[in-house]
Amino acid sequence: MDLQLGGKTALVTGSTAGIGLEIARRLAAEGADVVICGRNQTKLDAVAAEIGARGVLADPATAEGAEALVEAVPDVDVLVNNLGIYEAKPFGEITDEDWRRFFEINVLSGARLARSYFPGMIARDWGRVIFISSESGVMVPSDMIHYGMTKTAQLSISRGLAGLTKGTRVTVNTVMPGTTRSEGIVDFLKSVAEDPDAPAEEIERAFFAKDRATSLIQRMIEPEEIAAMVAYVASPLSSATNGAALRVDGGITPTIV
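Residues numbered from 1 in each chain as written. Predicted model: local features only at pLDDT ≥ 70, side-chain atom pairs only at ≥ 80, totals over all residues. Heavy atoms only, no water.

**Concerning helix H7 (residues 200–210)**
Stage number 1. The set of residues buried in H7 consists of Ile203, Glu204, Phe207 and Phe208. End-on view of H7: buried residues confined to an arc of 125 degrees, all on one side of the axis. Among the exposed residues of H7, those pointing more than 90 degrees away from its buried face are Glu201, Arg205, Ala209 and Lys210.
Stage number 2. For H7, the elements touching its buried residues are helix H6 (185–192). (Buried < 20%, exposed > 50% of the residue type's maximum accessible area, 1.4 Å probe, protein only. Helix = DSSP H or I, 4+ residues; strand = E, 2+ residues; numbered from the N terminus. Arc of directions from axis to C-beta. Contact = heavy atoms within 4.5 Å.)

**What to know about the pattern of salt bridges**
Stage number 1. Applying the stated criterion across every chain, the model contains twelve salt bridges.
Stage number 2. Where Asp98 meets Lys89, a salt bridge forms, and the shortest distance between an N and an O atom there is 2.7 Å.
Stage number 3. Residue classification places Asp98 among the buried residues on the basis of a relative accessible area of 7%.
Stage number 4. Close ionic contact of Asp98 with Arg101 constitutes a salt bridge, the shortest N to O distance being 3.6 Å. Pair noted here: Asp98 and Arg101 are both in helix H4 (residues 96–124), with a separation of three residues, about one helical turn.
Stage number 5. The structure contains a network of salt bridges with shared partners spanning Glu87, Lys89, Asp98 and Arg101. (Salt bridge = Lys/Arg side-chain N within 4 Å of Asp/Glu carboxyl O.)

**Some remarks on the pairing of strand E4 (residues 78–81)**
Where a strand is regular, its side chains alternate between the two sheet faces.
Stage number 1. Covered by surrounding structure in E4 are Val78 and Val80 together with Leu79 and Asn81, the residues of both alternating faces.
Stage number 2. The pairing of strand E1 (residues 9–12) with E4 spans three bridges and is parallel. Residue pairing across strands places Ala10 opposite Val78, the latter belonging to E4.
Stage number 3. Summarising the sheet, E4 and strand E5 (residues 127–132) pair through four bridges and their orientation is parallel. When the sheet's bridge partners are listed, Leu79 is paired in E5 with Val129. (Pairing = 2+ DSSP bridges.)

As far as function goes, none of this settles anything; it's purely spatial.
Here you go:
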């Protein structure tokens, strides 16, 4: 299927590893002119060369970094706000600084870039803004409340922005993955496992049985599977998909009114 992304400029944040890297790779393979960003020039250059993208040394988690990124890339057709961090932590141990750090990185990074690029999309009457949220935005884990808060905030920003696109060919959507295979997932699963020394496969099965019982697939999602969904949402073929929260894993998503 031709996703008709040839000639479209796509910016993907948090794109030198994990989900962001696979999204960038898939968009580039579909013919988009992909821009990735990061804080490490060596890693940025290596990834850019590997997938055929343009690398910009900038961190949108800071106001200065976002400004530098927008200065380097003034206009984009597709904005994928993927940058984010996560951790498991007891609620009583989440400090004020933790709350600020998670909000700054997971929420403000995307809000800053949307604020910069959204008006141009409206003026050109075409564009895609995609937030990579999480199932944790609607089913907040009790051991990751500060993380879940940021994912819920992304849903609010996305739905609010979508309301500003009425009558245009601009869309704003959120993709909500379940637990996804990534560089840090093994350590994370061990941190919440009853037996951290058990085999990795056993830890994964136990995690889904106990902590992600609503998952229908009962396994970790591969980053490539999320990338496929994002590529479709980014394409002109998804023109009737707007203001949606798209769950990747098939689990139960509560209705939010």
